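Coordinate analysis (summary)
Chain residues, written in single-letter form:
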Amino acid sequence: MKKKKGLRVLLCAAIAVAVLLAAFLIYAGSYYHADETALAVLDAPGVTQTDGTIVLTPEGACDTGLVFYPGGKVQAEAYLPLLQRLQKAGIQCVLVKMPLRFAFFNANAASTVIARYPNIQHWYVGGHSLGGAMASSWAAKHPDDFDGLVLLGAYVYGDVPAEKSLVLYGTEDGVLSRDKLSGGPNEQVIPGGNHAQFGNYGAQKGDRTATITSAAQQDAAAARILDFIHAKK
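Residues numbered from 1 in each chain as written. Predicted model: local features only at pLDDT ≥ 70, side-chain atom pairs only at ≥ 80, totals over all residues. Heavy atoms only, no water.

Digging into the overall build of the protein
Selection criterion: Strands here mean DSSP runs of E at least two residues long; helices mean DSSP runs of H or I at least four residues long; both are numbered from the N terminus. Each residue is assigned to one of three classes by its accessible area relative to the maximum for its type, calculated with a 1.4 Å probe on protein chains only: buried under 20%, partly exposed between the two thresholds, exposed over 50%. Each accessible area value is a Shrake-Rupley result obtained with a 1.4 Å probe; residue values ignore everything except the protein chains displayed when judging cover.
From N to C terminus, the protein includes six helices and eight strands. Listing each helix as α and each strand as β along the protein from the N terminus yields α-α-β-β-β-α-β-α-β-α-β-β-β-α. Per-residue burial over the protein gives 47% buried out of 233 residues. Surface accessibility of the protein: about 11300 Å² in total, with carbon and sulfur atoms responsible for 57%.

Structure, rendered in C-alpha cells:
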C-alpha cells in the first residue's frame, strides 16, 4: 500500500511539473516580434551571425565593444536599429540571442562574448528591461571585466558603482519600476520616450504612449551611450 501511495504521489508531482512546463512554454511562445526595419539591418554591412549572437562590426580599427542583452519576450533582432547607430560610431556591438527570449537563461553570456574577441580592450555590457537586469547581475559578479554598464528601461541590480552605470529611461515608461531607481549621477531621462521604443517591436503591454518617434528615442539613447563611453576614455 505504501509503495502504491508513493507512486501516486510521484505521478501527481510529475503531472504538475509537466503542466507548469507546458504553461511556461505557451507563455514564452507568445513574444514581441522585431519589425521589418529591424530585420532589414541583418543585411547591412558589417552585420554577421555566429554562435547565438548577432555581431555589428564597424569599419576600421575598433577597441571598444558592447555586449547587449534583449528584453524579456522580445525577439533579439528588435534592437538592431539602436545598435547599428553605435556600430556606425565605431563601437562593436554583440547582440545575444537568449534561450526562449529570457536573459536569465544565459546571464553569463557576456563572459563568453568577451573571451571570443581579445582585440577589444574596452568592454561595456548592457541590456533592456529584463536583459538590463541580467546584464547588471553579471556586472556585479565580474567587476574587473568591464568598463561600464548600460541599462535601458532597467535599474541597477547588484553591487555596481553608480558612476560605472548609465541608466536611461523615458518619461512615458509605464513598465519600469521607478521606485527601484537609485538616482545616481548617470541616471538620465529621455523626454517623450517610453519603454518599448528602445527596440523595434511595437507597443508593449502596460507601457504608455510615447510622444516622440522610436527613431528619435533611439537617436537620443545612442548619443547618451556614446557620451558615456567617450567620457571614460
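Right, picking up where we left off after that structure.
Observations concerning the environment of Lys 180
Put simply, the rule is: Two N or O atoms count as a polar contact when they lie within 3.5 Å, although within protein this holds only if one can serve as hydrogen donor and the other as acceptor, and sequence-adjacent residues are included solely when both atoms are side-chain atoms.
Its place among the elements puts Lys 180 in the loop between strand S7 (165–170) and strand S8 (187–190). Linking Lys 180 and Val 156, residues 24 residues apart in sequence, is a C-alpha distance of 8.3 Å. In this structure the side chain of Lys 180 is engaged in a polar contact, spanning 3.4 Å, whose partner is the side chain of Tyr 155.

Let's talk about the nonpolar core
Which entries qualify depends on this criterion: Take the buried residues of types Ala, Val, Leu, Ile, Met, Phe, Trp, Tyr and Cys, join any two whose side-chain atoms come within 4.5 Å, and each joined set is a nonpolar core. Should any heavy atoms of two residues lie within 4.5 Å, those residues are counted as being in contact.
Of all hydrophobic cores here, the largest spans 35 residues; its most connected members are Leu 56, Leu 66, Leu 83, Leu 86, Leu 95, Leu 152 and Ile 225. Among the elements of the structure, strand S2 (53–56), strand S3 (64–69), helix H3 (80–88), strand S4 (92–96), strand S6 (148–152), S7 and helix H6 (214–231) are those that each provide at least two residues to this core. Ranked by residue count, the leading element in this core is H6, at six residues. Those residues within four positions of Leu 152 in sequence are excluded, and the remaining contacts are Phe 68, Leu 82, Gly 127, His 128, Ser 129, Leu 168, Phe 198 and Ile 225. Counting residues in each nonpolar core, the second largest holds 31 residues, with Val 113, Ala 135, Leu 151 and Val 167 among its members.

Quick notes on the packing of H3 against H6
Using the following cut-off: Each axis is a line fitted through C-alpha atoms, and for a helix only the stretch in contact is used; angles between axes span 0 to 180 degrees, taken between their N-to-C directions. Put simply, angles under 35 degrees are roughly parallel, angles over 145 are roughly antiparallel, angles from 65 to 115 are roughly perpendicular, and the rest are oblique. By convention, the crossing between two helices is left-handed when the near helix turns anticlockwise from the far helix through less than a right angle, and right-handed when the turn is clockwise. The nonpolar class holds Ala, Val, Leu, Ile, Met, Phe, Trp, Tyr, Cys and Pro. Asp, Glu, Lys and Arg form the charged class, and all remaining residues, Gly among them, are polar.
Look at H3 against H6: their axes get within 9 Å of each other, and the N-to-C directions meet at 40°. If you check the angle between H3 and H6, you find them oblique. For the pair H3 and H6, the crossing hand works out as right-handed. Between H3 and H6, the contacting residues are Pro 81, Leu 82, Arg 85 and Leu 86 on the first element and Ala 215, Gln 218, Asp 219, Ala 221, Ala 222, Ile 225 and Leu 226 on the second. Grouping the amino acids of the contact of H3 with H6 by side-chain chemistry returns eight nonpolar, one polar and two charged.

Topic: the confidence of the model for the protein
Defined as follows: pLDDT is a per-residue confidence score from the predictor, ranging from 0 to 100.
With 87% of its residues at a pLDDT of 70 or more, the protein has an overall mean of 91. Scored below 50 in pLDDT, residues 21–26 makes four contacts in the model with residues more than four places away or belonging to other chains.

Structural notes on the packing of aromatic side chains
Note the threshold: Centres within 6.5 Å are what make two rings of Phe, Tyr or Trp a pair, Trp counting through its six-membered ring; a difference in plane orientation under 30 degrees is then read as stacked, over 60 as edge-to-face, and the rest as tilted.
Tallied over the full model, the rule gives eight aromatic pairs. Measuring from ring centre to ring centre gives 5.2 Å for Phe 102 and Phe 104, while their planes differ by 20°; the resulting arrangement is stacked. Within the aromatic cluster, the residues linked to one another by ring pairs are Tyr 32, Phe 68, Tyr 79 and Tyr 201.

Structural notes on the environment of Ala 210
Turning to its location among the elements, Ala 210 is positioned in the loop between S8 and H6. A relative accessible area of 17% means that Ala 210 is categorised as buried. Every residue in contact with Ala 210, bar those within four places of it in the chain, is listed here: Glu 172, Gly 192, Gly 193, Asn 194 and Gln 197.

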